[in-house]
Amino acid sequence: MTEGILLPYFTILTTYFSYALLFFFGRLRDFLAGYKGCGSSKPGYAAIGNDFYTRRLYRRIHDCWDRPICSSPDNWFTMVERVRGKGNEAKLKCTGETRRCLNLGSYNYLGFGSYDSFCTPQVIKSLQDYGPSMCSGRLDAGTTAKHVELEEYVAKFLNKEAAMVCGMGFATNSCTLPALISKGTLVISDSLNHTSIVNGVRGSQGKVKVFRHNDPAHLERVVRESIAVGQPRTFRPWKKILIVVEGIYSMEGEICRLAEIVEVKKKYKAYLYLDEAHSIGALGATGRGVCEHCGVDTADVDIMMGTFTKSFGSVGGYVAGSRDLINYLRMQSPGWCYSTSMSVPACQQVISALKVIEGKDQSSKGDKKLTQLKENSNWMRTELRKVGCEVLGDYDSPVMPLMLYNPAKIPAFSRECLKQNLAVVVVGFPATPLLLARARICISAAHTRKDLEYAVQVITEVAHRLGLIYNEKDAILAKKEESAAN
């Protein structure tokens, strides 16, 4: 069992055996090639980025990633085709030809990543008025009326006193958390939190403990034991305890059990930091995220973080909380103080998208997008489970990992889908545990039912061809229940 996933012994054995073969033949090729562990083009210099894993595993299948596109990331996009030369070190070369593919890889949850009749004209006007970049940090000459408007809008949207915006979603976490975590602070983090959270905590002066993924009971046990024991060596009480969770876990597709975590937080007087990168705009009746979805008052969440790169079709991120907290972070967070300010067109895109979501564009388009995203996500998840695929995550989540397990199936699934004009993202170690390779499917409100039916048809064919039907009994049962209901 790995993070709550019960694997058949046959799958475990074959997956380990496949990696053993890759390692063995990789080392053998290094030996036959006379590789001495240097690999640098400059004699006497150490190699940069030429480790064994990259050299003998990733480069064999790197055509499955970094595929360039030459259109907006709508439900269908145009992808530039590439070919690979001979040899392990061969680079990919563009052929000059393109391919139209159904997009199941972009985080374009509400469809704002492409042209929008309300948003796009306003973004173009802001580009003409302000230019493409502020070329300055917020403390210098990087603040405009649009930045202030966006921060006020986000705070109002989340029912918080204040908010601040940063130019990069990853840096919103990695730069904000060190400013919050001082010496004597204990961070209790979900075991599957995003790398940006991990990097932010590592860059702080606090101590960190992890609790089992999305397990409030284990979280309470860790909090209680930490309070009882106190700080290492001195055994003094912790100055503060910060619990860090995500709204939707981007590699698992699971929705945070927020209501139960809030109960633990209140019981032990801890602070709660909520990363809503994937849940803001994608969950809740009005798109206000996991708090709305779980029926939790935003007042019970001390620090709310999110990004504009998924549901809003823009860049950057935000942190929302009390006015005192935001004023403190504006002076202490390098992501706000020193990085280049968000471009005004990017700010305008978020403002316009929020207006559409709230119906301030004098239409019902926002409600339709939210409804369509939920219906698409649940329909797709149900259909893939009927096929017999192992699909992780919760209903209402637009992220659905389809388990591959075996390393040989990572490139095979990606390439076979691409042959039928289906673009998917495949993920393996070290982004996931060694045994838990997967394809991560992202659903959008821009997808039509015809798009999703085609996607299910292709995935079904490929899944049978590659032996990805891990839940055949559940699939048969689901079909019987559907027949009985009809």
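What you are looking at is a predicted structure, and each value in this text was computed from that prediction instead of being measured.

Conventions adopted
Residues numbered from 1 in each chain as written. Predicted model: local features only at pLDDT ≥ 70, side-chain atom pairs only at ≥ 80, totals over all residues. Heavy atoms only, no water. Helix = DSSP H or I, 4+ residues; strand = E, 2+ residues; numbered from the N terminus. Rg over C-alpha atoms; globule rule 2.2 N^0.38 Å. Buried < 20%, exposed > 50% of the residue type's maximum accessible area, 1.4 Å probe, protein only. Contact = heavy atoms within 4.5 Å. Areas by Shrake-Rupley, 256 points an atom, 1.4 Å probe, with all protein chains shown as cover. 1 Å grid on protein atoms, 1.4 Å probe; cavity = no way out; pocket = protein on both sides within 12 Å on 5 of 7 lines; lining within 4 Å. Points joined across faces, edges and corners; volume = space filled by probe spheres on them. Nonpolar A, V, L, I, M, F, W, Y, C, P; charged D, E, K, R; others polar. Patch = residues over 30% accessible without salt bridge, like charges linked within 9 Å, V, L, I, M, F, W, Y side chains within 5 Å. Salt bridge = Lys/Arg side-chain N within 4 Å of Asp/Glu carboxyl O. Lys, Arg positive; Asp, Glu negative; His and termini not counted. Charge placed at Lys NZ, Arg CZ, Asp CG, Glu CD. Pairing = 2+ DSSP bridges. Axes fitted to C-alpha atoms, helices over the stretch in contact; angles between N-to-C directions. Phe/Tyr/Trp six-rings, centres within 6.5 Å; stacked < 30°, edge-to-face > 60°. Lys NZ or Arg CZ within 6 Å of the ring centre and 35° of its normal. Core = buried A, V, L, I, M, F, W, Y, C linked by side-chain atoms within 4.5 Å. Polar contact = N/O pair within 3.5 Å; in protein donor to acceptor, adjacent residues only side chain to side chain.

**Q** So what's going on with the overall build of the protein chain? Which residues, and what values?
**A** Check the secondary structure of the protein chain and you find 16 helices and 13 strands. For 486 residues, the compact-globule estimate of 2.2 N^0.38 gives 23 Å, and the protein chain sits close to it at 24 Å. Along the first, second and third principal axes, the C-alpha set of the protein chain runs to 60 × 60 × 60 Å. Counting all 486 residues of the protein chain, 53% fall into the buried class. A fraction of 70% describes how many contacts in the protein chain between residues 6 or more apart in sequence connect residues 24 or more apart. Looking at the protein chain as shown, the accessible area adds up to about 22,700 Å², and 55% of this sits on carbon and sulfur atoms.

**Q** Requested: an account of empty space enclosed by the protein, with residues and values cited.
**A** For the coordinates displayed, the defined rule picks out two cavities of 30 Å³ or more. By volume, the second largest cavity is sized at about 30 Å³. For the second largest cavity, the full set of lining residues is Arg138, Val165, Cys166, Gly167, Gly335, Trp336, Ser339, Thr340, Ser341 and Met342. If you list the elements that add at least two residues to the lining of the second largest cavity, you get strand 3 (162–166) and helix 11 (334–337). The residue makeup of the lining of the second largest cavity, split by class, is four nonpolar, five polar and one charged.

**Q** Run through a positive patch on the surface, naming residues and quoting values.
**A** Taken together, the side chains of Lys183, Lys207, Arg233, Arg236 and Lys239 define a basic patch exposed on the protein surface. Tracing the backbone shows Lys183 in the loop between helix 5 (169–180) and strand 4 (185–190).

**Q** Report on the sheet that holds strand 11 (residues 422–423), specifying residues and quantitative values.
**A** Ordered by their spatial adjacency, three strands build an open sheet running 1-2-11, and the pairing between neighbours is mixed. At either margin of the open sheet sits one strand with a lone partner, and together these are strand 1 (76–84) and strand 11. Pairing of strand 2 (residues 92–103) with strand 11 involves two bridges; the strand directions are parallel. Note on strand 11: the bridge partner recorded for Asn103 is Ala423. Set on the sheet, helix 14 (residues 409–419) makes contact with strand 1, strand 2 and strand 11; between it and strand 2 the angle comes to about 75 degrees.

**Q** Describe in detail the pattern of salt bridges, supporting the description with residues and values.
**A** In the structure shown here, the tally under the stated rule is 21 salt bridges. A salt bridge links Arg138 to Glu151; the nearest nitrogen and oxygen atoms lie 3.1 Å apart. Placement of the pair is Arg138 in the loop between helix 3 (119–130) and helix 4 (145–157) and Glu151 in helix 4, with a sequence separation of 13 residues. Look at the salt bridges and you will find they share partners, linking Asp30, Arg55 and Arg56 into a network.

**Q** Can you lay out the packing of aromatic side chains for me, pointing to particular residues and giving the numbers?
**A** For the coordinates displayed, the defined rule picks out 10 aromatic pairs. Measuring from centroid to centroid gives 6.1 Å for Phe23 and Phe52, while their planes differ by 50 degrees, and the two rings are tilted. With Phe23 in helix 1 (residues 9–32) and Phe52 in helix 2 (residues 52–58), this residue pair connects regions lying 29 residues apart in the sequence. Given the relative accessible area of 13%, Phe52 is considered buried. For the pair Phe24 and Phe25, a centre-to-centre distance of 5.2 Å together with 80 degrees between the ring planes defines the contact as edge-to-face. Classification of Phe24 by relative accessible area gives exposed; the value is 51%. Note on Phe25: relative accessible area 39%, which makes it partly exposed. An aromatic cluster of at least three residues, connected via ring pairs, comprises Tyr19, Phe23 and Phe52. Positioned above the aromatic ring of Phe52 is the side chain of Arg27, whose terminal nitrogen or guanidinium carbon lies 4.0 Å from the ring centre. Across the ring face of Phe112, the terminal group of Lys369 is positioned such that the distance to the ring centre comes to 4.7 Å.

**Q** Any chance you could break down the nonpolar core for me, citing the residues and the numbers?
**A** Leu150, Val245, Leu258 and Phe308 are the most contacted members of the largest nonpolar core, which has 60 residues in total. Considering every element that reaches this core, the biggest residue donor is helix 12 (residues 344–357), with eight residues. Each residue touching Leu150, except ones within four places of it in the same chain, is listed here: Val165, Phe308, Met342, Cys347, Val350 and Ile351. Of all hydrophobic cores here, the second largest spans 31 residues; its members include Cys64, Leu104, Trp379 and Val391.

**Q** So what's going on with the environment of Lys419? Residues and values would help.
**A** Examined against the element boundaries, Lys419 turns out to sit in helix 14. Its relative accessible area of 58% is what places Lys419 among the exposed residues. For the pair Lys419 and Tyr405, spaced 14 residues apart in sequence, the C-alpha separation works out to 21 Å. Polar contacts involving the side chain of Lys419 include one to the side chain of Glu416, which spans 3.0 Å.

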